[in-house]
Amino acid sequence: MKTVVMTGGTAGFGAVAAKRIFDTPNTRLILGARGNNNSSIETLPLDLARLSNVRSFVQALTKKLDGTKIDILIMNAGAQFGTTKHRTGDGFESTFAINHLAHYLLLRILTPSLAKNATIVITTSDVHDPKMVPFGPKDLDLEALAHPKDKNEGFGPGIRAYASSKLCNLLSARAFGASPDAQINGMRVLAYNPGLTRGTSLFRAWPWWAKLMMALASLFRPVNTIEQAGNAIADLGLGTTVPPAGRIYASLVKGKLTWPDPSELAQSDTAMRELWVESAQMVGLPEPA
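Residues numbered from 1 in each chain as written. Predicted model: local features only at pLDDT ≥ 70, side-chain atom pairs only at ≥ 80, totals over all residues. Heavy atoms only, no water.

(A) Representation of the overall build of the protein chain within the structure. Looking only at helices and strands, one finds nine helices and eight strands in the protein chain. Long-range pairs, those at least 24 residues apart, make up 74% of the contacts in the protein chain between residues at least 6 apart in sequence. With an accessible surface of roughly 13000 Å², the protein chain has 53% of that area assigned to carbon and sulfur atoms. (Helix = DSSP H or I, 4+ residues; strand = E, 2+ residues; numbered from the N terminus. Contact = heavy atoms within 4.5 Å. Areas by Shrake-Rupley, 256 points an atom, 1.4 Å probe, with all protein chains shown as cover.)

This is the structure:
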């Protein structure tokens, strides 16, 4: 029996992936979510906008597992806002806090519960790369991401914050993959880019004109269906798809997984280490080894 824990499994391609995993024989799925319409799937309350709730979720999950180790951890939940004016209860900018800090904390404090040879999948995006999109981050300033001082109420700061959070997700995957825990226990860590996907709820906070721009962009960029994106992340988690040696970044293009190089900044060991250490300070954890 494989045990799978997943965030972002109640809507969009995440719901497709959750159903696929739930229907897989000898597999137990536990979702962390604020709510779930599929009552047949085990779900524990999880609000990624509150770090204290992430800790409460892990406590409840540990009790429910009762010593059983997690074979697959899929961290897929994400949010995007039109501006950087939103703040969590902890005082962090919401996009950065939900997409990166909460999942960083979740991964760190769940590490003792991960099985040997566990698979960890973190959802990222190709918007992390400035070669792919003009608003991709060219540097990484965690303090500015956590507490932005940009007074501009336009759409630009919000979408740049999202792109930077996706860079953080990719660097987190690299950092954990290089950690002693992952290396000693043979864990597989992957960062997954679902590409531009129709039917996702990610863009619900966008203004109408930005949604129109995205619709127009989809005419010129490859677009995936939620079924393609959901099945791809399920395959990565379940091990149906095995990455080529030395590859960590999986990108869905025209419904097929590719294994490109991430951005230059995402490959920076200095940026990776700084993210791992500074994030620990922000969520109140000891500096990692």
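(B) Layout of the nonpolar core. Formed by 58 residues in total, the largest nonpolar core has its most connected members in L61, L73, L107, L114, I120 and F176. Broken down by secondary-structure element, the contributors of at least two residues to this core are helix 2 (51-65), strand 4 (70-75), helix 3 (94-110), strand 5 (114-123), helix 4 (142-146), helix 5 (155-178), strand 6 (188-193) and helix 9 (269-283). The dominant element in this core, judged by the number of residues it contributes, is helix 3, at ten residues. Filtering out sequence-adjacent residues up to four positions away, F176 remains in contact with L107, T111, L114, I120, A182, M187, V189 and W276. Judged by nonpolar contacts, the second largest core, of 23 residues, contains V121, L190, A229 and A234. (Core = buried A, V, L, I, M, F, W, Y, C linked by side-chain atoms within 4.5 Å. Buried < 20%, exposed > 50% of the residue type's maximum accessible area, 1.4 Å probe, protein only.)

(C) Region of the structure containing the packing of helix 2 against helix 3. Between helix 2 and helix 3, the least distance of the axes is 10 Å, while the angle of their chain directions is 30 degrees. Relative to helix 3, the crossing made by helix 2 is right-handed. Taking contact as the criterion, the partners of L51, V54, R55, F57, V58 and L61 in helix 2 are, on helix 3, L101, A102, L105, L106, I109 and L110. Split into classes, the residues belonging to the contact of helix 2 with helix 3 amount to eleven nonpolar, no polar and one charged. (Axes fitted to C-alpha atoms, helices over the stretch in contact; angles between N-to-C directions. Left-handed = near helix turned anticlockwise from the far one by under 90°. Nonpolar A, V, L, I, M, F, W, Y, C, P; charged D, E, K, R; others polar.)

(D) Structural context of the packing of aromatic side chains. Tallying each qualifying case throughout the model produces three aromatic pairs. Plain terms: the ring middles of F13 and Y192 are 6.3 Å apart, the flat faces sit at 80 degrees to each other, and that makes the pair edge-to-face. Highlighted residues: F13 in helix 1 (residues 12-22) and Y192 in strand 6, separated in sequence by 179 residues. With respect to class, F13 is no different from Y192; both count as buried. Between Y104 and W276, the ring centres sit 4.8 Å apart and the planes meet at 80 degrees, which makes this aromatic pair edge-to-face. (Phe/Tyr/Trp six-rings, centres within 6.5 Å; stacked < 30°, edge-to-face > 60°.)

(E) A look at the pattern of salt bridges. The full count for this structure, using the stated rule, is eight salt bridges. Among the ionic pairs, E264 bridges to K131, the shortest N-O distance being 3.5 Å. With E264 in the loop between strand 8 (256-258) and helix 9 and K131 in the loop between strand 5 and helix 4, this residue pair connects regions lying 133 residues apart in the sequence. Put simply, R273 and E287 hold a salt bridge, and the shortest N to O gap is 3.6 Å. Residue R273 is located in helix 9, and its partner E287 is located in the segment after helix 9; the two are separated by 14 residues in the primary sequence. Among the residues examined, R273 registers a relative accessible area of 36% and is labelled partly exposed. Taking the relative accessible area as the measure of exposure, E287 reaches 55% and is therefore exposed. (Salt bridge = Lys/Arg side-chain N within 4 Å of Asp/Glu carboxyl O.)

(F) Quick look at the packing of helix 3 against helix 9. Taken N-terminus to C-terminus, the directions of helix 3 and helix 9 make an angle of 90 degrees; their axes are 10 Å apart at the nearest point. The angle between helix 3 and helix 9 places the two elements in the roughly perpendicular class. Residues F96, H100, L101, Y104, L105, L107 and R108 of helix 3 form the contact with helix 9, whose own contacting residues are L275, W276, S279, A280, M282 and V283. For the contact of helix 3 with helix 9, the per-class residue count stands at ten nonpolar, two polar and one charged. (Parallel < 35°, antiparallel > 145°, perpendicular 65-115°, else oblique.)

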